[in-house]
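In case you want the letters, here they are:
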Amino acid sequence: MNKLKNEITNYFNEIGSSDEVAKKAYRAAQVQNLYKEAIKHVYGDSAFLVLEKTNAVYIMNENDKKKIIIYTCDSMVHADLDSKQEFIKMWLGEHGEIIDKFELLASKLGMRRQFPYKEDVAQMKKSLETQYEFLQIKNDKQHTLTQEEIDSINLKIDKIDNKELKKALKALIK
């Protein structure tokens with residue numbers, strides 16, 4: 001995979017200035033992917049909650065310093081990203097993007113209709129549904145769990161790494 005990445009990077013570095021649009025498109029895709037991977041690393045199984053409310057991500061050079069600009073349409077996601085910005089910057093730095101400034105902006109007008117991670121979010125949700133299939137009740141009727149079912153679910157919940165998710169699931173089955 002790294003070999004392919006290096007070859008693609010070399011190709012775009014060799015493209016002349018006449019293909020500036022191709023270079024910008026490649027860079028935009030690269031930034032979006034880096035951000036997605038950083039969010040997956042920082043948020044784990046909950047990453048889809050942040051990505052589904054992210055409308056755009058840019059990394060720009062400003063006075064020989066790099067800044068990341070993230071547009072989001074949800075104030076809760078905005079606040080959480082703000083609290084985790086150092087973790088995100090650190091992950092990006094470990095992957096070649098040294099970020100000096102972290103800027104969060106509220107999406108407005110047409111920006112609120114952009115969801116670049118829509119397919120990724122759908123795939124993450126489907127993966128979680130499959131992974132935690134034991135939490136789904138197969139019929140529409142109200143179902144009271146037996147002690148055996150509760151014990152079985154608790155054993156499976158205990159294997160989950162994400163502490164917040166684990167706590168929420170335990171509260172749900174009580």
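Look a little higher up for the structure.
Quantities reported herein were computed from a predicted structural model and do not represent experimental measurements. (Residues numbered from 1 in each chain as written. Predicted model: local features only at pLDDT ≥ 70, side-chain atom pairs only at ≥ 80, totals over all residues. Heavy atoms only, no water.)

Chemist: A description of unusual backbone geometry should follow, citing residues and the corresponding values.
Modeler: The phi torsion at Asn 63 lies on the positive side, around 55°, for a residue other than glycine. Phi at Leu 109 takes a positive value of approximately 50°, unusual for a residue other than glycine. Turning to its location among the elements, Leu 109 is positioned in the loop between β3 (101–106) and α6 (118–131). (Helix = DSSP H or I, 4+ residues; strand = E, 2+ residues; numbered from the N terminus.)

Chemist: Talk me through the pairing of strand β1 (residues 54–62); I want residue IDs and the actual numbers.
Modeler: Two faces belong to every sheet, and in a regular strand the side chains alternate between them. Relative to strand β2 (residues 65–72), β1 runs antiparallel, the two sharing 8 bridges. What sits directly across from Ile 59, in β2, is Ile 68. Where β1 hands over to β2, the hairpin turn is made up of 2 residues, of which Asn 63 adopts a positive phi near 55°. (Pairing = 2+ DSSP bridges.)

Chemist: Outline the side chain of Glu 103, listing residues and values.
Modeler: Mapped onto the secondary structure, Glu 103 falls in strand β3. Among the polar contacts listed, one links the side chain of Glu 103 to the side chain of Lys 67, at a separation of 3.2 Å. Those residues in contact with Glu 103, other than ones at most four positions away along the chain, are Lys 67, Ile 68, Ile 69 and Ile 70. (Polar contact = N/O pair within 3.5 Å; in protein donor to acceptor, adjacent residues only side chain to side chain. Contact = heavy atoms within 4.5 Å.)

Chemist: Describe in detail the pattern of salt bridges, supporting the description with residues and values.
Modeler: What the rule picks out here adds up to 10 salt bridges. Lys 84 is paired through a salt bridge with Asp 80; the nearest N and O atoms lie 3.4 Å apart. Judged by relative accessible area, which is 28%, Asp 80 ranks as partly exposed. Residue Lys 89 is joined to Glu 86 by a salt bridge in which the shortest nitrogen-to-oxygen separation is 3.5 Å. Of this pair, Lys 89 and Glu 86 both sit in helix α5 (residues 85–94), separated by 3 residues, roughly a single helical turn. (Salt bridge = Lys/Arg side-chain N within 4 Å of Asp/Glu carboxyl O. Buried < 20%, exposed > 50% of the residue type's maximum accessible area, 1.4 Å probe, protein only.)

Chemist: Talk me through the packing of helix α7 (residues 147–157) against helix α8 (residues 163–173); I want residue IDs and the actual numbers.
Modeler: Helix packing geometry: the angle between the two helix axes and the distance between the axes. Packing of α7 against α8 leaves a shortest axis separation of 10 Å and a crossing angle of 175°. Between α7 and α8, the angle is such that the two are roughly antiparallel. Judged by residue contacts, Ile 150, Ile 153, Asn 154 and Ile 157 of α7 engage Lys 166, Leu 169, Lys 170 and Ile 173 from α8. When the residues that make up the contact of α7 with α8 are grouped by side-chain class, the tally is 5 nonpolar, 1 polar and 2 charged. (Axes fitted to C-alpha atoms, helices over the stretch in contact; angles between N-to-C directions. Parallel < 35°, antiparallel > 145°, perpendicular 65-115°, else oblique. Nonpolar A, V, L, I, M, F, W, Y, C, P; charged D, E, K, R; others polar.)

Chemist: Requested: an account of the environment of Leu 104, with residues and values cited.
Modeler: Tracing the backbone through its elements, the reader meets Leu 104 in strand β3. In this structure the C-alpha to C-alpha distance between Leu 104 and Ile 69, which are 35 residues apart in sequence, comes to 5.9 Å.

Chemist: An account of the packing of helix α2 (residues 20–43) against α5 is needed here, citing residue identities and associated values.
Modeler: Orientation of α2 relative to α5, taken along the N-to-C sense of each, is 125°, at an axis distance of 9 Å. Taken as axis vectors, α2 and α5 run oblique relative to one another. In terms of crossing hand, the pair formed by α2 and α5 is right-handed. Along its contact with α2, which presents Leu 34, Glu 37, Ala 38, Ile 39, His 41 and Val 42, the element α5 presents Phe 87, Ile 88, Trp 91 and Leu 92. In terms of residue class, the contact of α2 with α5 is built from 8 nonpolar, 1 polar and 1 charged. (Left-handed = near helix turned anticlockwise from the far one by under 90°.)

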